[in-house]
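# What the coordinates show
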Amino acid sequence: MDRFFAWPHTIAPVQAAMNLARLQVPLLESYLQSPQVHVAASNNPELRGGYFINIPESRADEVRDLLDTIRRDRADMLRFADAIAAGQEILRASATGFDLTPLYPKLPAELGGLVELAYDTDNQAQLRFMEPLVYKSDVYAEARQSVQLSFETGIERPFILSTPRLPSPDVLELGIPFRHPGLEELFKARVRPATLRHLREALELDDAQAVQLSAMLSDRPSLAPDRHIEGGGRIRYFGHACLVLQTPEAAIVTDPFISADSTAGDRYTLDDLPDYIDLVLITHGHQDHIVLETLLQLRGRVGAVVVPRSSRGNLCDPSMGLMLSHQGFPVIEVDDFDEIPFPGGKVTATPFLGEHCDLDIRAKSTYWAELAGKNVFIGADSSGIDPTLYRYIKGHLGTADYAFLGMECDGAPLTWLYQALLTIPIPKKMSDSRKLSGSNAEQAAAIMTELGAKEGYIYAMGEEAWLGHVMATTYNEDTYQIKQINEFLAWCSERDIKAGHLFKQQEWRW
Ligand SMILES: [Fe+2]
Ligand SMILES: [Fe+2]
C-alpha cells in the first residue's frame, strides 16, 4: 500500500487514511530529517518492533520521492483523515446529549454521505462510518496496491509496520492490485503446472519482468506426497497461529502465515498444504493473523475465508469481510455460535475476549472445529480475563479434545498498534495500562478447566524466526511470557493433561 506492507490498517480505507496521515507520513518525515538515527535504531535489538525506517541513508532520495508521491496522489486520503479528526472534535465540543441534526452541516465536506452521528446510551457521541460506501469513494485508492515477489532467503525482512518496500534487483515488482486475476493464476501453478507464456499473459508482464519471473519458476514438482490423508484426522502446526486440520474429505487452515522456504527442512511450507482448502478461519485483524502475503497465495484454491463480523462503522474496528472481499476472496462473516458445515464436519464461531486494549473491536472470533470425531478449540490470542465465558462454550459445544491457546501475556501497549486511530492524545501511563495481552498461566489453566480440555497446546507466540518481519519478538527463558508458559505446562503435567509449547512444527494424528 504505497510501498508499505498490506494489513487491515493499511488496506481498509478509513483506517488506512488515518494511518497514512498520522503515522506513515510523519514517519517518512522523521526519517528524512535524520536517516542515520532511523538506521541505527533499526539495528538496535532493544528497539526491535519500533517505528524506525530501515533504509540506508544513500537511498534517502527515494524515500523523499515516496513522500512527495503520497502527498500528491493521496491528497484525498490525507484530507479525509483530517476531516475525521475535525468531525470527532465537533462531537466532543457540541454533542452534549441534545439533537445531533444541527451538527451535520458543520461536518467537513469530506465526510458527507459517509458518516452517521450517533449517541450510545450514555450520551457519548461517535462517528459511524458507512464502510461499504467508503470503499466506493476516492478514499479507497486501489492504485496504492502493488505486489513484490522474491525468494524467501532466510534473511529477515525489515519490520512490516515501519519500513516501506523500495525496489530491489532481486525483487519482481508488479504494479497490479491484489485482486488481479493473474496472481491467482500464478499461485494456482503451485498445484497445477502452467506455462511461462500463460503466466506472462495473465500477469501482463513486459519482457524484463518475464525474464525475472522465469527465474522464479521450477519445472520440478515440489509438493509433499503426504499433503493429503487417506483416513482418520490430522492436525499440523505450521508455525505461529497457523494450524491445518484435515480429514480425507476436507481441509481447514487457521490464520494462514506459511513459510515458502521448502529448503529449510524444519517446518511445513506451502508445499505441505492440501491442494484444496475448504475453509480458511481468520481469528482477528492483527497483522500476524490476517497475513496477505500468505492469503494471496491461497486465493483460487479456497472454498471460503471465514471472518468475524465487525461492529460496522466503528473507527477502530474495520470490517475484515469488506477488506477481503475487495481483494477477491470469497468471504463468510460469522458471529458467536454461527455454524459453518464442511464435508464431514462443522465449524462453530466462538467468542474472543480481550487482547485489543479495551477498544470496542468486535471483529475477533475463536473457533470450534468438529472433524473425524474430535473437537478442536482454536483459541488464538483470546484472553482468560473472564474464564466463565469458556463455560458457556463448553455448555453449547461439549468438551474439547484439543485446545490451542495463545499466551502473549505481556503484549504491546495501546499506542503501538492504534496510535493513528486515536484523535486525542492518550497519556503514556494510560496506554501502558491497556496492553495487547492474551492469557497468563492462571488464565490459560482456567480456560482448560472450563472447557474440560483433554490436551492443551500453547501456540501463536511468534517465536519462529521466519516470522521476524511481522512479529519482531525477542524472548529468552527469563521473559515473562516464557515463564508463564512453563508454569502452565507444569500445571497441566500435575493433572496428567497432555500439553506442549509449539515451535516450528508438530503433528497430531488419529
Ligand atoms: Fe492478537
Ligand atoms: Fe497474535
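These figures come from a predicted structure and were not determined experimentally.

## Observations regarding the sheet that holds strand 6 (residues 242-246)
Spatially, seven strands are ordered 10-9-8-7-6-5-18 in an open sheet, and the strand pairing comes out mixed. In this open sheet, the two strands that pair with only one neighbour each are strand 10 (331-334) and strand 18 (506-509). The sheet shows a mean angle of 20° between the axes of neighbouring strands, taken without regard to direction. Looking at chain direction, strand 8 (residues 277-281) and strand 9 (residues 302-308) are connected through four bridges and run parallel. In the strand pairing of strand 9, Leu281 is matched with Val306.

## Some thoughts on the sheet that holds strand 14 (residues 374-378)
Strand order across the open sheet formed by seven strands is 11-12-13-14-15-16-17, with mixed pairing between neighbours. Strands at the two margins of the open sheet, each flanked by one partner only, are strand 11 (339-342) and strand 17 (498-501). The sheet shows a mean angle of 15° between the axes of neighbouring strands, taken without regard to direction. Judged from the three bridges that link them, strand 14 and strand 15 (residues 402-406) form a sheet pairing that is parallel. Its bridge partner lying in strand 15, Val376 is registered against Tyr402. Where helix 17 (residues 480-494) meets the sheet, it contacts strand 15, strand 16 (455-459) and strand 17, and its direction lies at approximately 165° from that of strand 17.

## Considerations on the environment of His9
When you line up the elements, His9 lands in helix 1 (residues 8-11). Each C-alpha atom, one on His9 and one on Ser493, is 41 Å from the other, the two residues being 484 residues apart in sequence. If we skip the residues at most four places from it in the chain, His9 touches Gln15, Ala16, Asn19, Pro318, Leu417, Tyr418 and Leu421.

## Here we look at the coordination of the iron ion (ligand 1)
Those protein atoms acting as donors to the iron ion (ligand 1) are His284 (NE2), His286 (ND1), Glu355 (OE), Glu355 (OE) and Asp381 (OD), and they sit at 2.2 to 2.5 Å. On the primary sequence, the residues serving as donors to the iron ion (ligand 1) are separated as H-x1-H-x68-E-x25-D. The metal-metal distance between the iron ion (ligand 1) and the iron ion (ligand 2) is 3.4 Å, with Asp381 serving as a donor to both. Of the two residues, His284 is situated in the loop between strand 8 and helix 10 (292-298) and Asp381 in the loop between strand 14 and helix 12 (388-397); the sequence distance between them amounts to 97 residues. The exposure classification of His284 matches that of Asp381, with both residues buried.

## Things to note about the pattern of salt bridges
Under the definition given, this model contains 32 salt bridges. Arg92 is the salt-bridge partner of Glu89, the closest N and O atoms lying 3.0 Å from each other. In this pair, Glu89 and Arg92 both sit in helix 5 (residues 75-94), three residues apart, roughly one turn of the helix. Salt-bridge contacts for Arg267 lead to Asp266; the nearest nitrogen and oxygen are separated by 2.9 Å.

## So, the packing of aromatic side chains
For the structure shown, the criterion picks out 13 aromatic pairs. Ring geometry for Phe159 against Trp416: centres 6.2 Å apart, planes inclined by 20°, an arrangement best described as stacked. Of the two residues, Phe159 is situated in the loop between strand 3 (147-149) and strand 4 (172-174) and Trp416 in helix 13 (residues 414-418); the sequence distance between them amounts to 257 residues. On the accessibility criterion, Trp416 (22% relative accessible area) is partly exposed. With centroids separated by 4.9 Å and ring planes inclined at 65°, the aromatic side chains of Tyr457 and Trp508 adopt a geometry described as edge-to-face. Here Tyr457 is found in strand 16, whereas its partner Trp508 is found in strand 18, with 51 residues between them in sequence.

## Concerning the packing of helix 2 (residues 13-33) against helix 5
In a pair of packed helices, the angle between the axes and the distance between the axes together describe the arrangement. Contact pair helix 2 / helix 5: the axes reach a minimum separation of 8 Å and the direction vectors enclose 95°. In this view, helix 2 runs roughly perpendicular relative to helix 5, as classed from their interaxial angle. Only Met77, Leu78, Phe80, Ala81, Ile84 and Ala85 of helix 5 make contact with helix 2, whose side of the interface consists of Pro13, Val14, Ala16, Ala17, Met18, Leu20, Ala21, Arg22 and Val25. Across the contact of helix 2 with helix 5, the residue classes break down as 14 nonpolar, no polar and one charged.

## Let's talk about helix 7 (residues 181-188)
An α-helical segment advances 3.6 residues per turn. Residues three or four places apart therefore align on the same side. Where helix 7 is concerned, the buried positions are Gly182, Leu183, Leu186, Phe187 and Lys188. For helix 7, the secondary structure elements touched by its buried residues are strand 3, strand 4, helix 8 (196-203), helix 9 (207-214) and helix 10.

## Notes on the environment of Ile458
Here Ile458 shows up in strand 16. Judged by relative accessible area, Ile458 falls into the buried class, the value being 0%. Through-space distance from the C-alpha of Ile458 to that of Leu489 is 9.0 Å; in sequence the pair is 31 residues apart. With residues up to four places along the chain from it excluded, the contact list for Ile458 reads Leu405, Met407, Ile485, Phe488, Gly500, His501 and Leu502.

## Some words on the side chain of Thr479
Its location among the elements puts Thr479 in the loop between helix 16 (468-471) and helix 17. Looking at Thr479, the relative accessible area reads 15%, which means it is buried. Polar contacts involving the side chain of Thr479 include one to the main-chain amide nitrogen of Asn476, which spans 2.7 Å.

## Some words on the UniProt feature "domain: Diiron non-heme beta-hydroxylase N-terminal" (unreviewed entry) in the protein
Mapped onto the present numbering, the UniProt feature "domain: Diiron non-heme beta-hydroxylase N-terminal" (unreviewed entry) falls at residues 2-221. Counted over residues 2-221, helix gives 44% and strand 7%. Its end C-alpha atoms are 35 Å apart.

## Some words on the pairing of strand 15
In terms of burial, strand 15 is a largely internal element, five of the five residues being buried. Covered by surrounding structure in strand 15 are Tyr402, Phe404 and Gly406 together with Ala403 and Leu405, the residues of both alternating faces. Remark: the strand 14/helix 12/strand 15 crossover connection has right-handed handedness. Sheet topology note: the strand 15/strand 16 ladder contains five bridges and is parallel. Bridge pairing in strand 16 links Tyr402 to Glu455.

Analysis parameters
Residues numbered from 1 in each chain as written. Chains lettered and ligands numbered in written order. Predicted model: local features only at pLDDT ≥ 70, side-chain atom pairs only at ≥ 80, totals over all residues. Heavy atoms only, no water. Pairing = 2+ DSSP bridges. Helix = DSSP H or I, 4+ residues; strand = E, 2+ residues; numbered from the N terminus. Axes fitted to C-alpha atoms, helices over the stretch in contact; angles between N-to-C directions. Contact = heavy atoms within 4.5 Å. Donors = N, O, S within 2.8 Å, 3.2 Å for Na, K, Ca; no water. Buried < 20%, exposed > 50% of the residue type's maximum accessible area, 1.4 Å probe, protein only. Salt bridge = Lys/Arg side-chain N within 4 Å of Asp/Glu carboxyl O. Phe/Tyr/Trp six-rings, centres within 6.5 Å; stacked < 30°, edge-to-face > 60°. Parallel < 35°, antiparallel > 145°, perpendicular 65-115°, else oblique. Nonpolar A, V, L, I, M, F, W, Y, C, P; charged D, E, K, R; others polar. Polar contact = N/O pair within 3.5 Å; in protein donor to acceptor, adjacent residues only side chain to side chain. UniProt positions renumbered as here; feature names shortened; annotations may be inferred. Right-handed = clockwise from strand over helix to strand, strands pointing away.

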